[in-house]
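Fold and geometry: a report
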Amino acid sequence: MNHTSYQPLLKGIGFTAIVAAVGFLLAMLPLLNQVGPLATAILLAVLYRHFFGYPQSIRTGIHFSAKKLLRLAIILFGLKLNINVILQEGFPLLLKGTVVIVFAIGLMLFLAKLFNADRSMMALLGIGTGICGASAIAAVTPILKAKEEDTAISAGVISVVGTLFAIGYTLIRPLLPVDAEAYGMWAGISLHEVANVALAGEPAGDEGLGMALVAKLSRVFLLVPFSLLLIWFMKKKGTEESRSSIAFPWFLVGFILMSLFGSFVNGSVFTIPAEAMNAISTLTSFILTMAMVGLGLSVSLHDVRHRALKPMLLLIVTSILLSVLTYWII
């Protein structure tokens, strides 16, 4: 491969990095800092496509970011999952997480049928709501063979709705007759993204935030068994041709290995400095944001207007009902 054939790849990756960096900077501004860099960068990518069109000349690089970097981000995300904490908290926490996942996905698919909403997007939003937001949507996309556009719209919608709910939780916390730990459990078991849980749990102090993150990590932990179950279901449901085309998501093996490394190697065999871990965490967020820019460029605003409004409203309804259910079971 000659030098010129690499150029579209490198330029496309560079382009997604620039838009992601602008998204990170804008997300430091008031109001946008509540939404976060992920949703901000997706919005920038969608607006770029709307006003300037899709940059076809660097398509290979954009596609690389949307596919390969997405998988890399999921693998690095595994470092945030401390399996020890989940094993200590045990079965009841995993059971609650399973209830949340089944409820969120089941209700979203039921509402999709009831209101004739986009089934593919509703499935992605249900999985994102039940497990861990945009990261879960990204992880199941290759298994479900979802369109890039559906993935990007779903990731953007869930980031915005999740942020609104996290802010809502912090506002009603003083009115709730529960202690900091119970509130943290509620936030961790019901909110969409890890970032949403951190935002909602922080005002409850160290105890509340700690419990919130442990509860959330139990749902992140369930991403792997859920994905394996989904592969089995898709192969069982599909035609002979589609069965053979469902590739095993090897990046999930990377996710497990990273979480095992973070749980059992780091801190016992040797210790990665906290500054380095923070840098890896920021890099993971940035790579995921680059991937979302790549996906966001495939989104047409015209389609968003026609396809995303109903799923977004139904997601809000599901999220409210999930908040009520989880408050009852904590």
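What counts and what doesn't
Residues numbered from 1 in each chain as written. Predicted model: local features only at pLDDT ≥ 70, side-chain atom pairs only at ≥ 80, totals over all residues. Heavy atoms only, no water. UniProt positions renumbered as here; feature names shortened; annotations may be inferred. Helix = DSSP H or I, 4+ residues; strand = E, 2+ residues; numbered from the N terminus. Buried < 20%, exposed > 50% of the residue type's maximum accessible area, 1.4 Å probe, protein only. Contact = heavy atoms within 4.5 Å. Areas by Shrake-Rupley, 256 points an atom, 1.4 Å probe, with all protein chains shown as cover. Lys, Arg positive; Asp, Glu negative; His and termini not counted. Charge placed at Lys NZ, Arg CZ, Asp CG, Glu CD. Axes fitted to C-alpha atoms, helices over the stretch in contact; angles between N-to-C directions. Parallel < 35°, antiparallel > 145°, perpendicular 65-115°, else oblique. Left-handed = near helix turned anticlockwise from the far one by under 90°. Nonpolar A, V, L, I, M, F, W, Y, C, P; charged D, E, K, R; others polar. Core = buried A, V, L, I, M, F, W, Y, C linked by side-chain atoms within 4.5 Å.

Under an unreviewed UniProt entry, the protein has the name YeiH family protein and belongs to Halobacillus trueperi. Under Sequence similarities (unreviewed entry), UniProt gives the following word-for-word description of the protein: "Belongs to the UPF0324 family." Within the UniProt record for the protein, the comment given under Subcellular location (unreviewed entry) is "Cell membrane".

**Focus: the overall build of the protein**
Looking only at helices and strands, the protein has 18 helices and zero strands in total. Considered along the principal axes of its C-alpha atoms, the protein spans approximately 60 × 55 × 50 Å. Across the 330 residues in the protein, those meeting the buried criterion constitute 48%. Intrachain contacts of the protein at a sequence separation of at least 6 include 80% that bridge at least 24 residues. Of the roughly 15700 Å² of accessible surface on the protein, 70% is carried by carbon and sulfur atoms. Computed over 22 positive and 15 negative side-chain charges, the inter-centroid distance for the protein is 12 Å.

**Thoughts on unusual backbone geometry**
In this model, Leu31 sits at a positive phi of 75°, which is unusual for a non-glycine residue. In this structure, Leu31 sits in the loop between α1 (3–26) and α2 (32–35). Notably, Asn116 is not glycine yet its phi reads approximately 55°, a positive angle. Counting through the fold element by element, Asn116 comes out in the loop between α6 (91–114) and α7 (119–130).

**Digging into the packing of helix α4 (residues 59–77) against helix α16 (residues 274–296)**
Packing of α4 against α16 brings their axes to within 7 Å, and their N-to-C directions diverge by 150°. By the criterion of interaxial angle, the relationship of α4 to α16 is roughly antiparallel. Crossing angle aside, the handedness with which α4 passes α16 is left-handed. On the side of α4, the interface is formed by Ile62, Ser65, Ala66, Leu69, Leu70, Leu72, Ala73, Leu76 and Phe77, while α16 contributes Thr284, Ile287, Leu288, Met290, Ala291, Met292, Gly294 and Leu295. Of the residues in the contact of α4 with α16, the class split is 14 nonpolar, three polar and no charged.

**Focus on the nonpolar core**
Core analysis: the largest hydrophobic core is formed by 86 residues, its most contacted members being Ile127, Ile131, Tyr169, Leu191, Phe226 and Met292. Here this core gets nine residues from one element, more than from any other, and that element is helix α9 (residues 148–172). Excluding its chain neighbours within four sequence positions, the residues that come into contact with Ile131 are Ile101, Ala136, His192, Lys216, Arg219, Val220, Leu223 and Phe226. Counting eight residues, the second largest nonpolar core, distinct from the first, contains Met185, Ile189, Ala215 and Leu322.

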